[in-house]
Amino acid sequence: MILKEIEQRQSVRQFSDKKISDEDIKQILEAGRLAPSWMNVQPWHFIVVDNDETKNLLSQSANNQKQIKDASHIIVMLGDFSAWNNKNFGQILVEKGIPEEGVQQILSNKGYNPAKNTNAVLVARTMEQCSFSISFMNLQAQSLNIDSCIIGAFANELTGFSPEIYQKVKETLNIPESSMIAGMLALGYRQEGVKNLPKKRKSFETVVSYEKYGQKFE
Ligand SMILES: Cc1cc2nc3c(=O)[nH]c(=O)nc-3n(C[C@H](O)[C@H](O)[C@H](O)COP(=O)(O)O)c2cc1C
């Protein structure tokens, strides 16, 4: 069932003026909130942006990508590094019946706990979790016949784009020091006449192996 939505989803960059209802936006956010994450750490926060001034600023922060200005709403996804220090991280191990000592051992292991590892690992692991959440929102939008475009090219600590604009974005959105923009989802309804293009993807054979790399799955 969901494969149909996956096949039909495509990044849309020409949005009409039609607004998405709050009810639908909330359903999309719900899909993101319910996404899986490592040990259920949920290192994310979603800021819904509806006003034109902020959308313009976000567009500027993303090399003036027009679809950000024209979207009905933007969901700005924050990666929340503080989540890894939260008591909730590891709670799932307690729920699984692992004794306290074992939990502490796991949480102090840098292989398990990105907060004990380098900043690069912490950022990578946070982005990894956020990708699941943004994908879930993307597909929920599709199932509501709402078009979207995931945005990854914007100013943040990773890209280093336009630091002054990023500073302004941080102030405008009141982004806490412990968070960083991990992604944006531009949402709206496509302009009339915008058709889906054929999917350009590597072939099944190219990207799939059976049992070992290079062996066909027939
Ligand atoms: C992590 C990520 C970041 C992306 N960043 C942008 C972006 O900044 N601007 C944009 O127009 N499209 C962006 N895209 C959309 C991709 O270009 C698009 O998904 C890809 O070309 C495949 O096309 P489709 O989504 O229409 O199937 C991004 C997609 C992903 C998954």
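Residues numbered from 1 in each chain as written. Predicted model: local features only at pLDDT ≥ 70, side-chain atom pairs only at ≥ 80, totals over all residues. Heavy atoms only, no water.

## Quick word on the side chain of Thr54
Part 1 of the reasoning: Its place among the elements puts Thr54 in helix 3 (residues 52-61).
Part 2 of the reasoning: Among all residues touching Thr54, those that are not within four sequence positions of it are Val49, Thr172 and Leu173. (Helix = DSSP H or I, 4+ residues; strand = E, 2+ residues; numbered from the N terminus. Contact = heavy atoms within 4.5 Å.)

## Let's talk about the site of the ligand
Part 1 of the reasoning: Surveying the vicinity of the ligand reveals 13 residues, the closest of which are Ser11, Arg13, Gln65, Gly152 and Arg201.
Part 2 of the reasoning: Take Arg9: an N or O atom from its side chain is 3.0 Å from an oxygen atom of the ligand.
Part 3 of the reasoning: Contact distances for the ligand include 2.7 Å between a nitrogen atom and a side-chain N or O atom of Gln65.
Part 4 of the reasoning: Contact with the protein chains hides 57% of the accessible area of the ligand, taken as 620 Å² for the molecule alone. (Near = heavy atom within 4 Å. Polar contact = N/O pair within 3.5 Å; in protein donor to acceptor, adjacent residues only side chain to side chain. Areas by Shrake-Rupley, 256 points an atom, 1.4 Å probe, with all protein chains shown as cover.)

## Remarks on a nonpolar patch on the surface
Part 1 of the reasoning: Side chains of Ile2, Leu3 and Ile6 sit close together on the surface and give an oily, nonpolar patch of about 280 Å² of accessible area.
Part 2 of the reasoning: Within the element layout of this structure, Ile2 appears in helix 1 (residues 2-8). (Patch = residues over 30% accessible without salt bridge, like charges linked within 9 Å, V, L, I, M, F, W, Y side chains within 5 Å. Salt bridge = Lys/Arg side-chain N within 4 Å of Asp/Glu carboxyl O.)

## Things to note about the pattern of salt bridges
Part 1 of the reasoning: Taken as a whole, this structure holds seven salt bridges when the rule is applied.
Part 2 of the reasoning: In this structure, Lys55 engages Asp52 in a salt bridge whose closest nitrogen and oxygen atoms are separated by 3.6 Å. In this pair, Lys55 and Asp52 both sit in helix 3, three residues apart, roughly one turn of the helix.
Part 3 of the reasoning: Notably, a salt bridge pairs Lys66 with Asp70, separated by 2.5 Å at the nearest N-O pair. Residue Lys66 and its partner Asp70 are both found in helix 4 (residues 66-70); the two are separated by four residues, about one turn of the helix.
Part 4 of the reasoning: On the basis of relative accessibility, which here comes to 25%, the residue Asp70 falls in the partly exposed class. (Buried < 20%, exposed > 50% of the residue type's maximum accessible area, 1.4 Å probe, protein only.)

These values are about where atoms sit, not about what they do.
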